[in-house]
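Architecture at a glance
The chain contents come next:
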Amino acid sequence: MHTIEKTRQAMVQSLLNDRHSLPLSIVLHLLPGAFIIAAYLLIGEPFIEAINYPTLLGWAIALCLVLIPILLGLLWLGRQLNGRFSVRGVLHYTDRPVPRGKLVAMIIPLIVWMMVLSVLTEPVNRFLLHHFFTWVPFTSGAGSFTGFMSGYSHSTMVTTMLICLPLTGISLPLIEELYFRGFLLPRIACLGGWAPVASAILFSLYHFWTPWVFVSRVIFMFPGFWFAWRYKDIRVSIGMHVGVTSIMATFGVLAVALNLV
């Protein structure tokens, strides 16, 4: 028991250090992606096939099964540090140094940038998908929104979108930002200006289930990560990331409900 306790303390200390080694940071960035793939293949996919629902719901389930425990893990680390469940001292870039007006003025252009670039790079993503990633086992319907949703009743599609809106549109991207930008990015700040670059690359790699979007994801996510790093304010990347996913999820719900797709 003493050895187990020492091991636990060493692990906690290693995770809470203000500086992570690059190998440790790579593992902490990519391991959740591997778990998400496993959760989808073992739980999400069999479940949606059993109830005959779109793939989108299966991925939402897989993400929940991994990202929610990660959030709980951050709270647990806070308990080890503070004696109570919190993220104080666990997450950085949370002191809100950017004034509210300046924050809004930064986030709105970042949202526009991310949405415009995600649309403009979609042909590139489809090209990469159909020429280099057809071997990926779960690409059925990938490359277009309608591809994932085709073949299902209108009520099923609407229900799927309504379930996914608060999950993939809001709460799950928020957890990603807390973990990847609030917990991991500050601990590789020793890389200097390369820290947000590494964060963008590793975050894009973490999405093992959509490797064909890697290049475009790095491009349209990087500015938000850079500003969060530059100003030491996680609200910048949260505002960009959650802002875009919530807007797109809301438009998705409306488009399906109104039979626009």
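Because the structure is a prediction, the values reported are computed rather than measured.

Parameters at a glance
- Residues numbered from 1 in each chain as written.
- Predicted model: local features only at pLDDT ≥ 70, side-chain atom pairs only at ≥ 80, totals over all residues.
- Heavy atoms only, no water.
- Core = buried A, V, L, I, M, F, W, Y, C linked by side-chain atoms within 4.5 Å.
- Buried < 20%, exposed > 50% of the residue type's maximum accessible area, 1.4 Å probe, protein only.
- Helix = DSSP H or I, 4+ residues; strand = E, 2+ residues; numbered from the N terminus.
- Contact = heavy atoms within 4.5 Å.
- Salt bridge = Lys/Arg side-chain N within 4 Å of Asp/Glu carboxyl O.
- Polar contact = N/O pair within 3.5 Å; in protein donor to acceptor, adjacent residues only side chain to side chain.

So, about the nonpolar core. In this structure, Ile36, Trp59, Tyr179, Phe183, Tyr206 and Trp209 are the most contacted members of the largest nonpolar core, which totals 66 residues. Per element, the largest residue contribution to this core is ten residues, and it comes from helix H3 (residues 55-82). Excluding its chain neighbours within four sequence positions, the residues that come into contact with Trp209 are Gly33, Ile36, Ile37, Trp59, Leu63 and Phe138.

The full count for this structure, using the stated rule, is two salt bridges. Across the pair Glu177 and Arg181 runs a salt bridge, and its minimum N-O distance is 2.8 Å. Remark: Arg181 and Glu177 occur in helix H7 (residues 154-184); sequence separation between them is four residues, near one turn of the helix. Pair check on accessibility: Glu177 and Arg181 agree, each one buried. Taking the shortest distance from any N to any O, the salt bridge between Arg235 and Asp233 comes out at 2.7 Å. Judged by its relative accessible area of 21%, Arg235 is partly exposed.

Okay, the side chain of Ser237 next. With respect to the element layout, Ser237 can be found in helix H10 (residues 235-257). Note on Ser237: relative accessible area 0%, which makes it buried. Engagement of the side chain of Ser237 in a polar contact is seen with the side chain of Glu177, the distance being 2.8 Å. A polar side-chain atom of Ser237 sits 3.2 Å from the main-chain carbonyl oxygen of Ile234. Those residues in contact with Ser237 that sit more than four places away from it in its chain are Glu177, Arg181, Gly224, Phe225 and Ala228.

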